[in-house]
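Residue-level listing of the chains:
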Amino acid sequence: MTVGRLPSRPALAGGVVPPASGATGTSARTREERTGGPWKLLLAVWTLALFDPQWWLASFGLQPVLRVTTLLFGALILVIMLGVPSKPAWSRRWQWYPPFLCFVLSILPMIPFAVNSGYVRTGAKTMFFWWIFITATIAIVPSVRRAETLLKMYGIQFLWFMFWGRWVGVVPWHHSLENHDAFQVPSWSAGSR
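A short tour of the structure in this document, coming up. Treat the numbers as computed from the prediction; the structure is a model and nothing was measured. (Residues numbered from 1 in each chain as written. Predicted model: local features only at pLDDT ≥ 70, side-chain atom pairs only at ≥ 80, totals over all residues. Heavy atoms only, no water.)

### A short note on the packing of aromatic side chains
Across all of its chains, the model carries 19 aromatic pairs by this definition. With centroids separated by 5.0 Å and ring planes inclined at 45°, the aromatic side chains of Trp46 and Phe133 adopt a geometry described as tilted. In this pair, Trp46 sits in helix 1 (residues 28–51) while Phe133 sits in helix 6 (residues 117–140), placing the two residues 87 residues apart along the sequence. For Phe133, a relative accessible area of 4% translates into the label buried. Relative to Trp164, the ring of Phe163 has its centre 5.3 Å away and its plane inclined at 80°; by these criteria the two rings are edge-to-face. With a relative accessible area of 42%, Phe163 lands in the partly exposed category. Among the aromatic residues, those joined into a ring-pair cluster are Phe51, Trp56, Phe60, Trp160, Phe161, Phe163, Trp164 and Trp173. (Phe/Tyr/Trp six-rings, centres within 6.5 Å; stacked < 30°, edge-to-face > 60°. Helix = DSSP H or I, 4+ residues; strand = E, 2+ residues; numbered from the N terminus. Buried < 20%, exposed > 50% of the residue type's maximum accessible area, 1.4 Å probe, protein only.)

Spelled out as C-alpha cells, the structure:
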C-alpha cells in the first residue's frame, strides 16, 4: 500500500463502488437545515396537541397562554402555504387527505341551521385544525426516524396523563379529563334501561 492512497473498496454488481462508511449523499447538517424551523414548529404543535401544557399553565391563572395554540396553528398554516409550492420534497409528500377534507367541508353548510351555531363553528374549526395538523405532518416529516419521534411522543402522553390522574382517575387541570363522569359507564348508560 502506497502512502497517501486510500485502500480500494470492492465494487458491487454492475461496477458500482459503495460510499465509504458514514458517507451519505447529503450531510446531516444539510438535512437539518431543510427541515429545522418547520420541524420544530410541528414538534411544538404536536406537544400542544398531545400533552396540553397550555391547559396546565392556564390552571395557574395564565389564561392568555391558551391562545398559543391558535398562533402556532396559524404559523403552521403559513409554513405549509409557503413551503409546499416552493419545496419539491414537501410537494412530493403533500396529500390533500380528501376524505377528511370532505368531512370538514360537510360541517360548514350546517352552521346556519344548527340550534347553537357557535358550537358547530367551534367543531368545524377544530376539525379544520386537525386537517391542517395531519396534512402538515405528512408534508414536513421527511423520514421514518422523525416519524418515530412523533410516535414516541404519542406513547409518552399516556404516561404524562397517567402521572396526573394516578390517584383519583381524573386530571384536575384538564378541560375534559377532569370530568368525573367521563370514565364511568353507569353515568352515560343509566337512561338506557
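There is more to say, and it comes next.
### A look at the side chain of Asp52
In this structure, Asp52 sits in the loop between helix 1 and helix 2 (53–58). Beyond its immediate chain neighbours, meaning those up to four positions away, Asp52 contacts Thr47, Phe161, Trp173, His174 and His175. (Contact = heavy atoms within 4.5 Å.)

### Focus: helix 3 (residues 68–86)
An α-helical turn contains 3.6 residues, so a residue and the one three or four places further along point in the same direction. Look at helix 3: 27 Å from first C-alpha to last across 19 residues, which is about the 27 Å you get at 1.5 Å a residue. Within the span of helix 3, buried status applies to Thr69, Phe73, Leu76, Ile80, Gly83 and Val84. What you see down the axis of helix 3 is that its buried residues fit within an arc of 105°, all on one side. For helix 3, exposure combined with an orientation more than 90 degrees from the buried face picks out Leu71, Met81, Leu82, Pro85 and Ser86. (Expected span 1.5 Å × (residues − 1). Arc of directions from axis to C-beta.)

### A word on the side chain of Thr137
Note on placement: Thr137 falls in helix 6. Judged by relative accessible area, which is 14%, Thr137 ranks as buried.

### A closer look at unusual backbone geometry
The phi dihedral of Asp52 is positive, around 50°, even though this residue is not glycine. In this structure, Tyr97 takes a positive phi of about 50° despite not being glycine. Looking at where Tyr97 falls in the secondary structure, it is placed in the loop between helix 4 (88–93) and helix 5 (98–107).

### Here we look at helix 6
For helix 6, spanning 24 residues, the distance from its first C-alpha to its last is 34 Å, which sits close to the expected 34 Å at 1.5 Å a residue. Taken as a whole, helix 6 has its buried residues at Val120, Ala124, Phe129, Trp131, Ile132, Phe133, Thr135, Ala136, Thr137, Ala139 and Ile140.

### With respect to the layout of surface pockets
In this model, the largest pocket occupies a volume close to 700 Å³. Lining the largest pocket are 22 residues; nearest its centre among them are Asp52, Gln54, Trp55, Thr69 and His175. Breaking the lining of the largest pocket down by element, the ones donating at least two residues are helix 1, helix 2, helix 3, helix 6 and helix 7 (144–164). The leading source of residues in the lining of the largest pocket is helix 6, at six residues. (1 Å grid on protein atoms, 1.4 Å probe; cavity = no way out; pocket = protein on both sides within 12 Å on 5 of 7 lines; lining within 4 Å. Points joined across faces, edges and corners; volume = space filled by probe spheres on them.)

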